[in-house]
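Letter by letter, the chains look like this.
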Amino acid sequence: MGKTMSEKILAHASGQENVAAGDIVWVDVDRAMMDDILGPRVEIAEKIKLLGDKVWDSKKVVIISDHYTPPASIKQAEIVKFTRDWAEKYGVEKYFEFAGPCHQVMAETGNVLPGSIVLGTDSHTCMGGALGAFASGVGSTEMLGILVTGKTWLKVPQTIRVEWKNQLAKGVTAKDISLKTIGEIGHAGATYKAVEYTGDTIHGLMMDERMAITNMAVEMGAKVGMMPVDEVTKEYLKGIGIEEYPIYQSDKDAEYCMEYCFDAEKLIPQVACPDGVDKVADAEDVSFTSVDQAYLGSCTGGRLNDIRQAAMLLKGRKISKNVRMLVSPASVNIWKAADEAGYLRILADAGAVILAPTCGVCVGLHSGLIASGETCISSSNRNFIGRMGSKEGRIFLGSPLTVAASAVTGRITDPRTLM
Amino acid sequence: MISKKGRALKYGDNINTDIISPPQYMELGIAEASAYAMQAADPEFPKRVKPGDIFVAENNLGSGSSRETSPLTLKYLGISCVVAKSFARIFYRNCINVGIPALECPQAGEIDDGDELEIDIEKGSIKNLTKADVYRCDVLPAHIMEIIHAGGMFEYLYKNLGNKRKDI
């Protein structure tokens, strides 16, 4: 029986010839990532003093202040300062601030490599699977253990194989693939498991699009969302100066606990309705819903291709006077690239407000919360009750195109009707 | 034997981390933020929870964020143990790591709010004293029981690293 890429990576990381789903293994961690909101301030800073008061390998630790940047209150400012000072005290040179949401910054800075174990104090760390890394979220105390030992225990997951075949139609995007998959598998349908996305549709996607899919694997409860390493992966890594890394691919006869097969040609724009990421509907079926805020951004839906798509749809159009559209590019690099390409100007001309790269809007911390009775259509990853502000507000998740189209009409809109 | 005895506070499916720890209050410390715990599901929760209570839910408890503030808040408010039909994986690990046993029990749906429970963690049994019934729950694997016995991941690390490394 062959092995899945997850089994191969975990075998290597635990120094064993072979491991199989269900085994408990102690792995060496390649990158330990902390953010500001759940990093050193929670449990870690106080307790590490009693555990040797140093990190096991400062070169393998990355700290990114992204949730509370720019700070909206003195308390938030104090947390960012604390995080910055902590990084310096413990010799962590890979410290980023105001650079963008951590998962995008991790990828851009070459801290997520194929075959590596990347653990971070944010659940969407699983995005790194788009680059073939075994990447997953952990809590702060678990991070404390990793920081002092460089290791943690993992149960080798079973894998669900999700195959997408054929080409996407015009107006349909990777985000729709992501939402459709979650709608089928369910909010807890992949709990404890690895999800492996494959098929010619996936191989045909650029890295920006792939990341929008693996980012949301946790919304099905998955431990990791993996994608095979191919030419697109290699090109992306070459673009940031990285050419050497191990490649682990799933064997043809690897064992999967479940298999799904979807036809991309038949897919139409999807939205996740309040208050569940798996409450997925065709966008055209909820087009009666009026929106107050349209959000284009986050580690899921704020990459250059997302901004490009929204700009192409909004070029020469104006957003509805009843809608405020907020745009937060997923990193400073993306902000600059979108500016150079003229996309930000197009969005601003249409009436959108361009924000700093930040996690703030997605998780209701600053820069654009919603009030009671308001509805937001968002290209981000989670629509739990109260997440973006008032618990009496409503959040729909859709693709960047659906967000842009909805901003124009003032109600949830299938973008194909405007293309 | 590790046993927990207490009153059940019972909730349904998909009690996620945004409900347990609303993100807007996370800049506060655990003590202050705990006043807002479970706001979207049960605003009375912080007032009605008493030390020793057992938090019971149905499917997919703790889905969403990796925020350890969720189990830390439950711990701060006095929750001694968490029982659910199923757990989201990061929340599950976080509960264990902060020293709250997390037990999967397929019959958790039969428990009602206010029922008195007595749990034998090593045997994997939950006695419902109110309903005079007994349910099976998961027996935790040995490596997790070691963490539970120590009182949490920090205590486990303190004990083990302290024994092995003279510089700690």
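Computed from a predicted structure; not experimentally measured.

A. Quick look at the interface of chain A and chain B. Contacts between the two partners involve 53 residues from chain A and, on the opposite side, 42 residues from chain B. Buried area between chain A and chain B, summed over both chains or domains, comes out near 3800 Å², and the portion from carbon and sulfur atoms is 59%. It is A:Leu51, A:Trp153 and A:Tyr192 in chain A that bury the most area against chain B; as a group they hold 16% of the surface buried on that side. Summed over the shared surface of chain A and chain B, the number is 2 salt bridges. Where chain A touches chain B, the interface holds 24 residue pairs in polar contact (both at pLDDT 80 or more). Mapped onto the side of chain A that touches chain B, the elements with two or more residues apiece are helix H3 (74-89), strand E6 (134-137), helix H5 (140-149) and strand E7 (151-155) of chain A.

B. Molecular detail of helix H4 (residues 69-76) of chain B. Residue and element names in this part refer to chain B. Counting buried residues along H4, 6 of its 8 residues qualify, which places the element largely inside the surrounding structure. For H4, the set of buried residues is Thr 69, Ser 70, Pro 71, Leu 72, Thr 73 and Leu 74. In this structure, the buried residues of H4 make contact with helix H1 (17-20), helix H2 (30-33), helix H3 (45-48), strand E2 (54-57) and helix H5 (89-98). Gly 78 sits one or two positions beyond H4 and adopts a positive phi of about 105°.

C. Highlighting the sheet that holds E2(B). Residues and elements named next belong to chain B. Ordered by their spatial adjacency, 7 strands build an open sheet running E4-E3-E2-E1-E5-E6-E7, and the pairing between neighbours is mixed. Each edge of the open sheet carries a strand with a single partner, namely strand E4 (102-104) and strand E7 (133-136). Averaged over neighbouring strand pairs, the angle between their axes works out to 30° when direction is ignored. Bridge count between strand E3 (residues 81-84) and E4: 3 bridges; the pairing is parallel. Pairing of Val 83 across the sheet is with Leu 103, part of E4.

The rules we used
- Residues numbered from 1 in each chain as written.
- Chains lettered and ligands numbered in written order.
- Predicted model: local features only at pLDDT ≥ 70, side-chain atom pairs only at ≥ 80, totals over all residues.
- Heavy atoms only, no water.
- Contact = heavy atoms within 4.5 Å.
- Buried area = accessible area lost by both parts, 1.4 Å probe.
- Salt bridge = Lys/Arg side-chain N within 4 Å of Asp/Glu carboxyl O.
- Polar contact = N/O pair within 3.5 Å; in protein donor to acceptor, adjacent residues only side chain to side chain.
- Helix = DSSP H or I, 4+ residues; strand = E, 2+ residues; numbered from the N terminus.
- Buried < 20%, exposed > 50% of the residue type's maximum accessible area, 1.4 Å probe, protein only.
- Pairing = 2+ DSSP bridges.
- Axes fitted to C-alpha atoms, helices over the stretch in contact; angles between N-to-C directions.

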